Amino acid sequence: MHKMGIRSIALILIVLLAATSCSKKKRPTSLKPGKESSKTGLAYNGKDGFEVKQYKALPAGPDLVYIEGGRFTMGSLEEEVMGRRDNPKRTVSIQSFYMDQTEVANVHYLEYLNAVQRDSSEEFYAKALPDTTVWFNELSFNDSYVTMYLRHPGFRLYPVVGVSWVQANDYSAWRTAAVSQANNTAGAAAGKKKGFSFGKKKKAAAAEAEAVASSGPAPQLRIESGYVMPPYRLPTEAEFEYAAIAMIGTQYSDENQSNQRIYPWDGSTMRNPRGRKQGTMLANFKRGPGDYAGIAGKSNDGAIITQEIRSYPANDNGLYDMAGNVSEWVYDVYRPMSNTDVNDLNSFRRDGYQDDAKNYDTKNSNSIISDNLRVYKGGSWSDVAYWLSPGTRRYMDQDSATAMVGFRCAMIATGSRK
């Protein structure tokens, strides 16, 4: 009896485990919703035309790095040397998103200009051109950079500069279309081999394309198909700061963080503290008046002006040049009261809402605040170390450009990565 009892219990356990396993397999998810509605019992993809197909998540776009969301302390961690008092510390949370591993380089922007020149009007092409005269200075001999920096092969992988906030947004829109063209269903159906491959998913995409194409004169994939990539865009100020500070590197066994970061790396110095590269600079910046790189033969950061992307160590998120090289445009409009006006979830300062520009006395030149002022962050080759702290912020007119400001793109993350 005793043996029979043990066998019975073992059999019951096996049955329960099998049942549990089956129930887990049948549990619907966003990627595998099942064959029928869990609420109505009606079959998906039936005669009523409601399509809910199995879906395998697409890979991220080229060069994008996944940034897992979380909370962090946003704002300046050092003394407010500018006296603006527009950036006190506050706790916010950021949803997971993607960000470019590097800044957009000259060769990437030239690719865009080539496409614009072929497919757009001369007027738009002229508007897309970077302002190369940002290198010119009456008291400096930077004349060669005016003609060479953007187009010479030796500068291909240097960050593009002279690009306004408006131009950076136009590039982001073009990149969305270009990546979609390289990887969308129409390209798969036509047998084109561009960009990275989706493999078997291209076949499913091709069928989707044919179905859509047969229904109208302007074939366009539906968002429900899952093959429509979210748009590229500039990161928000909160996203940029969160990705730059990379506090994931200070978390150990629990949620507690043993220290806060001033820069995108540990410690308060600008040099690598250990290893074979101990003493080398962690970013491209200006040490002080007239000192852009140290002495010949012992150049401390290896760059008088900008430097090639990926020349300095990535932060704990795998992102390069989140401090130094060039400052970068972010999506937000500038307001001195951003810290009190924005939400504490996915904080973003949009223009035309609350704290209106009309509240500032621009007519009597007592203020410069307008909906054309945009924030830029990150510090540049021409900035002292203070501006390399992700918490610092500056602003400039959205149509302006300098030799110190470039940009990179971001994108929302869809679905679960668990």
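The sections below set out a description of the structure shown in this document. In this text the structure is predicted, and so the values were computed from the model without any measurement. (Residues numbered from 1 in each chain as written. Predicted model: local features only at pLDDT ≥ 70, side-chain atom pairs only at ≥ 80, totals over all residues. Heavy atoms only, no water.)

### Comments concerning the overall build of the protein chain
Consideration 1: Across its full length, the protein chain carries nine helices and nine strands.
Consideration 2: Out of the 418 residues belonging to the protein chain, those deemed buried represent 42%.
Consideration 3: In the form shown here, the protein chain has an accessible surface area of approximately 23800 Å², with 53% of it arising from carbon and sulfur atoms. (Helix = DSSP H or I, 4+ residues; strand = E, 2+ residues; numbered from the N terminus. Buried < 20%, exposed > 50% of the residue type's maximum accessible area, 1.4 Å probe, protein only. Areas by Shrake-Rupley, 256 points an atom, 1.4 Å probe, with all protein chains shown as cover.)

### Remarks on helix α8 (residues 237-245)
Consideration 1: Where burial is concerned, most of α8 is hidden: nine out of the nine residues are buried.
Consideration 2: When α8 is considered as a whole, its buried residues turn out to be E237, A238, E239, F240, E241, Y242, A243, A244 and I245.
Consideration 3: Once α8 ends, the next one or two residues include A246, with phi positive near 50°.

### Focus: the nonpolar core
Consideration 1: The biggest cluster of nonpolar side chains holds 29 residues, and the ones touching the most others in it are Y109, Y112, V160, Y171, Y232, W329 and F407.
Consideration 2: Going through the elements one at a time, α2 (106-119), α3 (122-128) and α5 (165-183) are the ones with two or more residues in this core.
Consideration 3: Look past the residues within four positions of V160 in its chain and what remains in contact with it is V104, A105, N106, Y109, P130, L150, V405, G406 and F407.
Consideration 4: Ranked by size, the runner-up nonpolar core spans 23 residues in total, among them I67, F72, A238 and I369. (Core = buried A, V, L, I, M, F, W, Y, C linked by side-chain atoms within 4.5 Å. Contact = heavy atoms within 4.5 Å.)

### Section: unusual backbone geometry
Consideration 1: One non-glycine residue, N45, lies in positive phi territory at about 60°.
Consideration 2: Looking at the secondary structure, you find N45 in the loop between α1 (2-26) and β1 (64-67).
Consideration 3: Note on N45: relative accessible area 40%, which makes it partly exposed.
Consideration 4: At N346, a position not held by glycine, the phi torsion is positive, near 50°.
Consideration 5: Mapped onto the elements, N346 comes out in the loop between α9 (338-341) and β6 (373-377).

### Comments concerning the sheet that holds strand β7 (residues 394-397)
Consideration 1: Strand order in the open sheet made by the four strands is β7-β6-β5-β8, with mixed pairing throughout. Among the strands making up the open sheet, the edge pair consists of β7 and β8 (405-406).
Consideration 2: Where strand β5 (residues 327-333) meets β6, three bridges bridge the pair, whose relative direction is antiparallel. Following the sheet pairing, W329 is matched in β6 by Y376. (Pairing = 2+ DSSP bridges.)

### Quick notes on the pattern of salt bridges
Pairing between side chains of opposite charge can happen when the charged atoms of each approach one another.
Consideration 1: Taken as a whole and assessed by the stated rule, the structure comprises 15 salt bridges.
Consideration 2: Among the salt bridges present, the one from R261 reaches D266, with a minimum N-O distance of 2.8 Å.
Consideration 3: Owing to a relative accessible area of 3%, R261 belongs among the buried residues under this scheme.
Consideration 4: Sharing partners across several salt bridges, the network here consists of E237, E241, K377 and R393. (Salt bridge = Lys/Arg side-chain N within 4 Å of Asp/Glu carboxyl O.)

### A short note on the environment of N300
Consideration 1: Summarising the element assignment, N300 is placed in the loop between α8 and β5.
Consideration 2: In this structure the C-alpha to C-alpha distance between N300 and T280, which are 20 residues apart in sequence, comes to 6.6 Å.
Consideration 3: Discounting residues that sit within four places of it in the chain, N300 has contacts with R271, M281, R287, D291, A293 and G294.

### Focus: the sheet that holds strand β4 (residues 97-100)
Consideration 1: Taken together, three strands build an open sheet; the order of strands is β1-β4-β9 and the sheet is antiparallel. A strand with exactly one partner marks an edge of an open sheet, and here the two such strands are β1 and β9 (410-412). Strand-to-strand, the axes of this sheet are offset by a mean angle of 25°, without reference to chain direction.
Consideration 2: Bridge analysis of β1 against β4 gives four bridges, and the strand direction is antiparallel. Bridging across to β4, V65 finds its partner in M99.
Consideration 3: In this fold α8 packs onto β1, β4 and β9, with an angle of close to 75° to the strand it touches most, β4. (Axes fitted to C-alpha atoms, helices over the stretch in contact; angles between N-to-C directions.)

### A short note on α2
Consideration 1: Its 14 residues give α2 an end-to-end C-alpha distance of 20 Å, which sits within 8% of 20 Å, the value for a rise of 1.5 Å per residue.
Consideration 2: If you check which residues of α2 are buried, you get N106, Y109, Y112, L113, A115 and V116. (Expected span 1.5 Å × (residues − 1).)

### Some thoughts on the environment of D397
Consideration 1: Inspection of the secondary structure assignment puts D397 in strand β7.
Consideration 2: A relative accessible area of 27% places D397 in the partly exposed class.
Consideration 3: Residues D397 and V375, spaced 22 residues apart in sequence, show a C-alpha to C-alpha distance of 8.8 Å.
Consideration 4: Dropping the residues within four chain positions of it, D397 is found in contact with W329, N372 and L373.
Consideration 5: Polar side-chain contacts of D397 include one of 2.9 Å to the backbone nitrogen of D399. (Polar contact = N/O pair within 3.5 Å; in protein donor to acceptor, adjacent residues only side chain to side chain.)

Read these as geometric descriptors, not functional statements.
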